[in-house]
Amino acid sequence: MTVNSLALRGTAAPAAVTHDDMANAIRFLAVDAVEKAGSGHPGMPMGMADVATVLFSRYLKFDAGDPAWPDRDRFVLSAGHGSMLLYALLYLAGFEAMTLDELKAFRQWGSRAPGHPEYGHTPGVETTTGPLGQGIATAVGMALAERMLNARFGDDLADHFTYVIAGDGCLMEGLSYEAVSLAGHLKLNRLIVLFDDNRISIDGPTSLSCSDDQLARFAASGWSVRAIDGHDPEAIAAAIEAAHVSRAPSLIACRTVIGRGAPNRAGSEKAHGAPLGPDEIAGTRAALGWPHAPFEIPEAVLAAWRAVGTQGRRGRSEWQKRLARKSADVRDCFARALAGELPAEADAAFARLRADFAAAKPKLATRQASQRVIEAVAPAMPALVGGSADLTHSNLTLAKSQQPVKPGSFAGHYIHYGIREHAMAAAMNGIALHGGFIPYGGTFLVFSDYARPALRLAALMGVRVIHVMTHDSIGLGEDGPTHQPVEHLAALRVIPNLLVFRPADAMETAEAWQCALGQARRPSVLCLSRQALPAFRDDAGVNKVARGGYVAVEPDDLRDVTLIATGSEVAIAIEAARRLAGKGVHAAVVSMPCVELFAEQDAVYRAEVLGFGPRVGIEAAVEGTWPRLITSSGEFVGMTGFGASAPADDLYRRFDITPEAVVAAAERAIARFHARGGIQ
């Protein structure tokens, strides 16, 4: 194991350039950008500039010329409101995309310096942060991915740290408790959190609302902890050195002054979230000995920072040589893992499984069908890493071929996240962002509420994570309304860039998994049943789920009505169509396993599937966005409130989600359609 201890500790910067010069360059770029934008958060960058300067100049392993170098250290600004700290560092270190003009356009349309750091928008930003606590929890996933990659490819290819700057707000958020506990349990000693201990929140001193001893709290979770003066460069360096040799993750509480240098606002909440103003800025320049104009960095200071940005170039070159010396098989495996490509063996496994499902037409709960998928695909996909929030045997997310990840033993393919749904979702984001793995994790659909903020960020960032959410309706039965999701499908479907799958049988479950794995830039949620569902598909050729919706049953004559259903209600729709046929009514049945993919199809296909007549939507959930599909003349058969505790069959009858109810709804929809003169 190597220790990253880079050049400024030696002779990186010209003798005339001091630590204070380099730190003040960060401070005043932040102050000037916030002032020009008329909004932003200058206090945190001013307070943490000393810590950031030591970290970037002496320890952080990176090459500004290649922001995507796989073996770079990861830096996460969990306190994302202080984004100008990161943008200033990227500009000063010479990241090509972050120019001075970008800083001058801070928080403006199209700038690479948005209000909070955004992954995929700004090279050098490792994850989107801003919602407090998300960064530290995502970093846990990154640190875990590094250890897992190291277990597979060794120190030569994967040997780096994950650093986090987090604030009081990050540590107050409940998510941090979950993430800190998980990291301590797994002994992720390559994770180092630099806590901006300025003891200020938006309302005022943190003592207004919090009396926690953060060091004792982290120590209780198995972390190495130390407290330092966050404005003493040598104390900062010594703490990082100690963290590098720790056998546990490390918390370094850096006692800082928010808005350091501001004569009237330093140490106050007034420095947190607003421009300092011309007079206060002038006083700050005088107090810190920075006589330069706004956005002006002295040539020698900029040169010293640019040297920091290139000091990792040699390390990157040596890493590339080590990679080149590996066998062709190792190089190919490593490249495919980082690229997230699905191996041909996985496609073959899907083809075999779908053929089996077509031939056998098994009556299975879709969670059981999902387990069959995982069993078939996991051996063919070394990059696939599963897990569950303590519901493994309910979610059925563990394959026989998968071994658990354990403290100090990271070669496995299955993570026991414990009862930490939010941390699981955030850590999955970090694993996906780090690269090398495709993560999936399981919980009950009703608990998607616990994970929602991290799910939203996954969609915003466009990362491939797969959430296996079982017990997807009142069909779970006796556990009752606390565990029966009724509003959750609607709530998930309104998140942009998130695919929500609700397959109706084993075949659709396999196809949904195949679609989710193929989405390199989108997260997916698989909503799966507890109860067994009859198979209605016996064709294994084309992946029909890939189009979001399709005609499952087409009547012999022109349609009178179209019944649109998802998941367990497709079987109800098929039975209702059979009964309608007995009445001389020609009903088509459309299975709609993924509304989002269906919406992306061309208008001609959508019209062919939905037809031009009346429509009925059937789903054991609240109506949500269904009116978009069934239009104003349609009918919806589903839930209008919470569920109840009873056997599943009784619940479907009591809540009137039955073939009889669908037949009646179809008849009403037909009558309304004709009363309107054939207008939907």
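Residues numbered from 1 in each chain as written. Predicted model: local features only at pLDDT ≥ 70, side-chain atom pairs only at ≥ 80, totals over all residues. Heavy atoms only, no water.

Here we look at the overall build of the protein chain
Per the secondary structure count, the protein chain includes 26 helices and 20 strands. For a compact globule of 680 residues, the expected C-alpha radius of gyration is about 26 Å, and the protein chain comes in at 28 Å, within 12% of that figure. In terms of overall dimensions, the protein chain has C-alpha extents of about 90 × 55 × 45 Å along its principal axes. Taking all 680 residues of the protein chain together, 60% fall into the buried category. For the protein chain, the proportion of contacts with a sequence separation of at least 24, taken over those separated by at least 6, is 78%. (Helix = DSSP H or I, 4+ residues; strand = E, 2+ residues; numbered from the N terminus. Rg over C-alpha atoms; globule rule 2.2 N^0.38 Å. Buried < 20%, exposed > 50% of the residue type's maximum accessible area, 1.4 Å probe, protein only. Contact = heavy atoms within 4.5 Å.)

Digging into helix H20 (residues 506-517)
The end-to-end C-alpha separation of H20 is 17 Å, in line with the 16 Å expected for 12 residues at 1.5 Å each. Most of H20 is tucked away: 12 of the 12 residues are buried. For H20, every residue scored as buried is listed here: Ala506, Met507, Glu508, Thr509, Ala510, Glu511, Ala512, Trp513, Gln514, Cys515, Ala516 and Leu517. Between a side-chain oxygen at the N-terminus of H20 and the backbone nitrogen of Met507 the separation is 3.2 Å; the capping residue is Asp505. (Expected span 1.5 Å × (residues − 1). Polar contact = N/O pair within 3.5 Å; in protein donor to acceptor, adjacent residues only side chain to side chain.)

So, the confidence of the model for the protein chain
Scored by pLDDT, the protein chain has a mean of 96; 98% of the residues are at 70 or more. pLDDT under 50 marks residues 1-13. Its contacts with residues more than four places away, or in other chains, come to 38 contacts. (pLDDT = per-residue confidence, 0-100.)

What about the pairing of strand E1 (residues 74-77)?
Neither face of E1 is left uncovered, since the one carrying Arg74 and Val76 and the one carrying Phe75 and Leu77 both have all their residues buried. Bridging between E1 and strand E2 (residues 162-167) involves 4 bridges; their strand directions are parallel. Bridging across to E2, Leu77 finds its partner in Ile165. (Pairing = 2+ DSSP bridges.)

Considerations on the layout of surface pockets
What the largest pocket holds in volume is close to 620 Å³. Sorting the residues of the lining of the largest pocket by element identifies helix H13 (328-339), helix H17 (421-434) and strand E11 (438-444) as the ones contributing at least two each. Its residues assigned to classes, the lining of the largest pocket shows 16 nonpolar, 9 polar and 5 charged. (1 Å grid on protein atoms, 1.4 Å probe; cavity = no way out; pocket = protein on both sides within 12 Å on 5 of 7 lines; lining within 4 Å. Points joined across faces, edges and corners; volume = space filled by probe spheres on them. Nonpolar A, V, L, I, M, F, W, Y, C, P; charged D, E, K, R; others polar.)

A word on the nonpolar core
If you look at the biggest cluster of nonpolar residues, it comprises 62 residues, and the most contacted ones within it are Met84 and Trp305. Of the residues forming this core, the biggest block, 10 residues, is contributed by helix H3 (residues 83-93). Counting 59 residues, the second-largest nonpolar core is a separate cluster that includes Ala145, Cys170, Trp319 and Ala432. (Core = buried A, V, L, I, M, F, W, Y, C linked by side-chain atoms within 4.5 Å.)

Focus: the environment of Gly408
Here Gly408 is to be found in the loop between helix H16 (392-395) and strand E10 (414-416). You can call Gly408 exposed: its relative accessible area is 61%. Here the alpha-carbon distance between Gly408 and Leu492, two residues 84 residues apart in the chain, equals 36 Å.

With respect to the pairing of strand E9 (residues 384-388)
Of all 5 residues in E9, 5 are buried, a share of seventy percent or more. With burial as the criterion, each face of E9 is covered, one bearing Leu384, Gly386 and Ser388 and the other bearing Val385 and Gly387. Here E9 pairs with E11 via 3 bridges, running parallel. Within E11, the residue paired with Val385 across the bridge is Pro439. Pairing geometry for E9 and E10, over 3 bridges, is parallel. Bridged to Gly387 within E10 is Ile415.

Here's the deal with H3
Among the 11 residues in H3, 11 count as buried, and that is most of the element. On its buried side, H3 packs onto helix H1 (19-37), helix H2 (43-59), E1, helix H4 (100-104), E2 and helix H11 (299-310). Looking one or two places after H3, you find Gly94, whose phi comes out positive at around 95°.

Some words on empty space enclosed by the protein
Applying the stated criterion to the full structure yields 4 cavities of 30 Å³ or more. Lining the largest cavity are 15 residues, and of these Leu60, Phe62, Phe95, Gly124 and Glu126 sit closest to its centre. Residues that form the lining of the largest cavity fall into these classes: 9 nonpolar, 1 polar and 5 charged.

Section: the packing of aromatic side chains
Pairs of aromatic rings are described using the distance from one ring centre to the other and the angle between the two planes. Going through the model one piece at a time under the given rule, you end up with 14 aromatic pairs. Pairing Phe28 with Trp290 gives two aromatic rings, centres 5.6 Å apart and planes at 5°, and the pair type is stacked. A residue pair is termed long-range when its members are at least 10 positions apart, and Phe28 in helix H1 and Trp290 in the loop between helix H10 (278-288) and H11 qualify at 262 residues. Owing to a relative accessible area of 3%, Trp290 belongs among the buried residues under this scheme. Relative to Trp223, the ring of Phe218 lies with its centre 5.0 Å away and its plane at 85°, an arrangement referred to as edge-to-face. In this structure, Phe218 and Trp223 share a single accessibility class: buried. These aromatic residues form a ring-pair network of at least three members: Phe56, Phe62, Phe75 and Phe95. (Phe/Tyr/Trp six-rings, centres within 6.5 Å; stacked < 30°, edge-to-face > 60°.)

Describing the pattern of salt bridges
Enumeration over the complete set of coordinates arrives at 34 salt bridges. Close ionic contact of Arg58 with Glu234 constitutes a salt bridge, the shortest N to O distance being 2.8 Å. With Arg58 in helix H2 and Glu234 in helix H9 (residues 233-244), this residue pair connects regions lying 176 residues apart in the sequence. Under the relative-accessibility criterion, Arg58 is labelled buried at 10%. Residue Asp156 pairs with Lys326 through a salt bridge whose shortest N-O separation is 3.0 Å. With Asp156 in the loop between helix H5 (134-153) and E2 and Lys326 in the loop between helix H12 (313-325) and H13, this pair connects stretches of sequence that are 170 residues apart. Residue class for Lys326 comes out partly exposed when judged on its relative accessible area of 23%. What you see here is one network of salt bridges that share partners, running through Arg354, Glu511, Arg537, Asp539 and Lys544. (Salt bridge = Lys/Arg side-chain N within 4 Å of Asp/Glu carboxyl O.)

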